[in-house]
Every structure is written in structure tokens, then in C-alpha cells.
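Structure at a glance
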Amino acid sequence: MHRKGFIFDLDGVIVDTAKYHYLAWKHLADELGILFTKEQNEQFKGVSRKRCLEILLGWGELKVSQSQFNSWLAEKNEDYLQYIETMTASEILPDVPKVLNFLKEHNVPMALGSASKNARPILKKVGLIPYFTSIVDGTQVTKAKPDPEVFMIAAGELKVMPQHCIVFEDAQAGIEAANRAGMTSIGIGKKEILTEAQYVFKDFTEIELNFIKELAEL
Ligand code: B16
Ligand code: MG
């Protein structure tokens, strides 16, 4: 059994579904007459669907019944599902397969640690299910990032100690979750935003396999 384990966030790390989340939230926001910009969408990254709607309604200063809330939540998701319906492997972010294949070839266990309840269907669409020993998604997690729960469950399923896990994340909340779990945190995105990450790369094209090899202690 390998000592090290790798955990990947989904949206913004493996695939760019943030653009689809944005379009679906924008559609609902327009319908409700609430201003919603791409900058505001940044605050939704890594945040659960329910929490996103609470934030959106807060911006619009709207107070609604539970049943209305649930119906908007469902509407947003149905819209989002239409976008992801047409996803293919071509939407896997550049050089992600390079890293996944390398780790797979060396039998290093990998997990998915995502806040999304749609993580499994997305992984299926892009053909990446076979890479992961464990898939932990929004359906299994009770405490959202920055709580470390999602990554702790993943480490447990990989049977790797948290301090021997390496997490790839694009959201501030996700980096905080990884740090709180005592894991190595690797930010994918902007250094100015992911200030708490131990390492930051713009994307996977900047990551050399030698670096992965070192992290995996191969
Ligand atoms: P869903 P990640 C997160 O996925 C997204 O970053 C976030 O924008 C989204 O609201 C959340 O999943 C919930 O997604 O509505 O599909 O359950 O980045 O943790 O992979
Ligand atoms: Mg993400």
C-alpha cells in the first residue's frame, strides 16, 4: 500500500464547470431581478448549492418561504444539469490527464473531494471515474468547506493518514479545509487569492511531473 494519497477538487481543478454554475445562477438571478456578476460568482466557488442561494437572496434582500427556496434551488440545478449534459472529455482542463495518468501508473491512490452533488455524473461524462479509488461528493458531506470533513472522509477511504495527503483546490474555502485537515495544500488559480495554499500554480500546465514525483515520494 502506498503511503501518500492525492485528493482532487472537481469544479475549477479537473473541469471548468464554474462557467456553467455561473450561467445557471445568472438565469435565476435575472428572473428574480437580482444583480449577479462574474465577480460575485467567484464567491460561489466551493460553496454548497444551498448556501449559494442563501447568499444570492441576501444580495437581493429577499426573504422567502422554505418551499419557494427549494423550488428555486431545483430550478437552478435543472438549468445547470442541461449544461453538463453535453460535457465530454474535451472539457478536462489542460494537463490534468498528465498528472492523473502518472499517479495511476505508479499506483498512487487518488480521491475526489468535491462539494458538488453532481460530481459523479460529471466524472462519468468526462470519463474519469476509473481513476479514483474514492469519490466523496456533496451528497456525503454534512459540513461544507472550509470544514475539513470532505477531505477527512476521502483520506479515510484511501486509508492514508491526513498528513500524507496532497489536496488540489481552486477555492479559498477548499485550501482552508485542506490546511485544517493537516494536508499539503496546492492551489490552482491566482496567488493573490489562494494566499493560504502551500503551493500555487496557475493551472496543471505549470506543474512538472518531477514535483508530483517528489510529493508522492516515488
Ligand atoms: P452542485 P467543487 C462546488 O464544487 C462548486 O465549486 C460550487 O460552485 C458549487 O456551488 C458546489 O460545488 C455545489 O455544486 O450544485 O453541483 O451540488 O469545487 O467543490 O468541486
Ligand atoms: Mg472547486
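No experiment lies behind these values; they were computed from the predicted model shown.

A regular strand carries its side chains on alternate faces of the sheet. Neither face of strand S2 (residues 110-113) is open: one carries Met110 and Leu112, the other Ala111 and Gly113, and all of them are buried. Alignment of strand S1 (residues 5-8) against S2, held across three bridges, turns out to be parallel. Paired with Phe8 across the strands is Leu112, a residue of S2. Looking at chain direction, S2 and strand S3 (residues 134-136) are connected through three bridges and run parallel. In the strand pairing of S3, Ala111 is matched with Ser134. What joins S2 to S3 is helix H6 (residues 119-125), and the crossover it makes is right-handed.

Time to look at the coordination of the magnesium ion (ligand 2). Every protein donor of the magnesium ion (ligand 2) is listed here as Asp9 (OD), Asp11 (O) and Asp170 (OD), and their distances to the metal cover 2.0 to 2.2 Å. Look at where the donors of the magnesium ion (ligand 2) fall in the sequence and you get D-x1-D-x158-D. Separated by 159 residues along the polypeptide, Asp11 in the loop between S1 and helix H1 (18-32) and Asp170 in the loop between strand S4 (165-169) and helix H8 (172-180) bring together distant segments of the chain. A relative accessible area of 16% places Asp11 in the buried class.

Moving on, we come to the layout of surface pockets. Each pocket or cavity is described by its volume, and for the largest pocket that value is around 740 Å³. The wall of the largest pocket is formed by 28 residues, among which Ala18, Glu42, Lys45, Asp170 and Ile188 lie closest to the centre. Take the lining of the largest pocket: its biggest share by element is four residues, from H1. For the lining of the largest pocket, the residue count by class is 14 nonpolar, five polar and nine charged. Computed from the structure, the second largest pocket encloses a volume of approximately 590 Å³. In terms of lining, the second largest pocket is formed by 30 residues, of which the most central are Val47, Ser48, Arg49, Ala115 and Ser116. When residues of the lining of the second largest pocket are traced back to their parent elements, those giving at least two are H1, helix H3 (49-59) and helix H4 (66-85). Of the residues contributing to the lining of the second largest pocket, the split by class is 10 nonpolar, 10 polar and 10 charged. Residues lining the lining of the second largest pocket come from more than one domain, with at least three contributed by each of domain 1 (5-15 + 89-215) and domain 2 (18-85).

The domain architecture assigned to the chain consists of domain 1 (5-15 + 89-215) and domain 2 (18-85). Just the C-alpha atoms count here: the centres of domain 1 and domain 2 sit 24 Å apart. In this assembly, 10 residues from domain 1 lie in contact with 11 residues from domain 2. Summed over the three residues of domain 1 that lose the most area to domain 2, namely Glu91, Asn118 and Lys125, the buried surface amounts to 39% of that side. Counting the contacts that link domain 1 with domain 2 gives two salt bridges. As a salt-bridge pair, Glu85 and Lys125 come within 3.6 Å of each other at their nearest N and O atoms.

Turning our eyes to something else, we now look at the pattern of salt bridges. For the structure shown, the criterion picks out 13 salt bridges. The salt bridge partner of Lys145 is Glu169, with a shortest N-O separation of 2.7 Å. With Lys145 in the loop between S3 and helix H7 (149-158) and Glu169 in strand S4, this residue pair connects regions lying 24 residues apart in the sequence. As far as burial versus exposure is concerned, Lys145 and Glu169 are alike and both buried. The salt bridge partner of Lys202 is Asp203, with a shortest N-O separation of 3.2 Å. Within the structure, one salt-bridge network assembled from shared partners comprises Arg3, Lys4 and Glu217.

As a further point, take the site of ligand 1. Neighbouring ligand 1 are 18 residues; Val47, Ser114, Ser116, Lys117 and Asn118 lie closest to it. One of the backbone N or O atoms of Leu10 is found 3.2 Å from an oxygen atom in ligand 1. At 2.7 Å, a backbone N or O of Lys117 approaches an oxygen atom of ligand 1. Relative to its free-state accessible area of 470 Å², ligand 1 is covered by the protein chains to the extent of 98%. The cavity that encloses ligand 1 is the second largest pocket. Sorting the residues of the shell around ligand 1 by element identifies H3 and H4 as the ones contributing at least two each. Two domains each provide a minimum of three residues to the shell around ligand 1, namely domain 1 (5-15 + 89-215) and domain 2 (18-85).

Calculation criteria
- Residues numbered from 1 in each chain as written.
- Chains lettered and ligands numbered in written order.
- Predicted model: local features only at pLDDT ≥ 70, side-chain atom pairs only at ≥ 80, totals over all residues.
- Heavy atoms only, no water.
- Buried < 20%, exposed > 50% of the residue type's maximum accessible area, 1.4 Å probe, protein only.
- Helix = DSSP H or I, 4+ residues; strand = E, 2+ residues; numbered from the N terminus.
- Pairing = 2+ DSSP bridges.
- Right-handed = clockwise from strand over helix to strand, strands pointing away.
- Donors = N, O, S within 2.8 Å, 3.2 Å for Na, K, Ca; no water.
- 1 Å grid on protein atoms, 1.4 Å probe; cavity = no way out; pocket = protein on both sides within 12 Å on 5 of 7 lines; lining within 4 Å.
- Points joined across faces, edges and corners; volume = space filled by probe spheres on them.
- Nonpolar A, V, L, I, M, F, W, Y, C, P; charged D, E, K, R; others polar.
- Domains from an automatic or database assignment.
- Contact = heavy atoms within 4.5 Å.
- Buried area = accessible area lost by both parts, 1.4 Å probe.
- Salt bridge = Lys/Arg side-chain N within 4 Å of Asp/Glu carboxyl O.
- Near = heavy atom within 4 Å.
- Polar contact = N/O pair within 3.5 Å; in protein donor to acceptor, adjacent residues only side chain to side chain.
- Areas by Shrake-Rupley, 256 points an atom, 1.4 Å probe, with all protein chains shown as cover.
- Sits in = over half its atoms within 2 Å of the grid points.

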